[in-house]
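Next come the chains, spelled out residue by residue.
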Amino acid sequence: MTDNGRVVRWEYALLVRRRQARANEPGWEVTFSWYGPDGSIQDISGFGDTALTHLNTAGNQGWELVAVSEDMHQSGAAELHRYHMKRLIPAAAPRQRVRSTGVYRRR
């Protein structure tokens, strides 16, 4: 895919929503993790309590939702949802060519 002769490049990230039993007390907990394009993993649960909150935040940062998947192999009542995101990597400015003076010396 090209844009004005330049190759269009994307970067990808993953928002993961987990619903699982609490470890130390009764009830459920929902956590959100952000898997960034640089390989980092960040717990972003404190920034909102719904997937829509996190998706809107990502959208405001230029991310586009491209797919949603659910892990059907979770045991018990745990849930795992993956929100696959992408955004355009800004094109680098074209490199300036160095113009030659036309004088070449051979050694």
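Not measured: the values here are computed from a predicted model. Within each chain, residue numbers correspond to sequence positions counted from 1 in written order. Residues qualify for local features only when their pLDDT is at least 70, as the model is predicted, and side-chain atom pairs are given and counted only at 80 or more; totals for whole chains, interfaces and linings, by contrast, use all residues. Values shown for side chains rest on all heavy atoms present in the structure; no hydrogens or waters enter the calculation.

As for the overall build of the protein chain
A count of helices and strands for the protein chain gives one helix and seven strands. Only DSSP runs of H or I covering at least 4 residues are called helices, and only runs of E covering at least 2 are called strands; the numbering of each starts at the N terminus. Ordering the α and β elements of the protein chain from the N terminus gives β-β-β-β-β-α-β-β. For every residue, the accessible area obtained with a 1.4 Å probe (protein chains only) is divided by the maximum for its type, and the residue is called buried under 20%, exposed over 50%, and partly exposed between those limits. The burial tally for the protein chain puts 23% of its 107 residues in the buried class. Contacts are residue-level and defined by heavy atoms, with any inter-residue pair within 4.5 Å sufficient. Long-range pairs, those at least 24 residues apart, make up 43% of the contacts in the protein chain between residues at least 6 apart in sequence. Calculation of accessible area relied on Shrake-Rupley with a 1.4 Å probe; when residues are assessed, cover is drawn exclusively from the protein chains displayed. For the protein chain, the accessible area works out to roughly 8700 Å², and carbon and sulfur atoms hold 48% of it.

Here we look at the pattern of salt bridges
Any two side chains of opposite charge can pair, so long as their charged atoms come close to each other. By convention in these notes, a salt bridge is any Lys or Arg side-chain nitrogen within 4 Å of a carboxyl oxygen on Asp or Glu. Applying the stated criterion across every chain yields a total of three salt bridges. For Glu25, the salt bridge identified is with Arg22, shortest N-O distance 4.0 Å. Among the residues examined, Glu25 registers a relative accessible area of 49% and is labelled partly exposed. With a shortest N-O distance of 3.7 Å, Arg82 and Asp71 are connected by a salt bridge. Within this pair, whereas Arg82 is found in strand β7 (residues 79-88), its partner Asp71 is found in the loop between β6 (64-70) and β7, the two being separated by 11 residues in sequence.

Details of the packing of aromatic side chains
Any Phe, Tyr or Trp ring, taking Trp's six-membered ring, that has another such ring centre within 6.5 Å forms a pair; planes under 30 degrees apart are called stacked, those over 60 apart edge-to-face, and the others tilted. Under the counting rule described, the total for this entry stands at one aromatic pair. An angle of 75° between the planes, with centres 5.5 Å apart, marks the rings of Trp34 and Trp63 as edge-to-face. With Trp34 in strand β4 (residues 28-35) and Trp63 in the loop between α1 (51-60) and β6, the pair connects residues that are 29 residues apart, well separated along the chain. On the basis of relative accessibility, which here comes to 13%, the residue Trp34 falls in the buried class. A residue is classified by how much of its surface remains accessible, and Trp63, at 7% relative accessible area, is buried. Criterion for a charge above a ring: Lys NZ or Arg CZ within 6 Å of the ring centre, and within 35 degrees of the ring normal. The residue whose ring lies beneath Arg19 is Trp28, and the NZ or CZ to ring-centre distance is 4.1 Å. The residue whose ring lies beneath Lys86 is Trp10, and the NZ or CZ to ring-centre distance is 3.8 Å.

Everything listed here is a matter of coordinates, which is why it stays silent on function.
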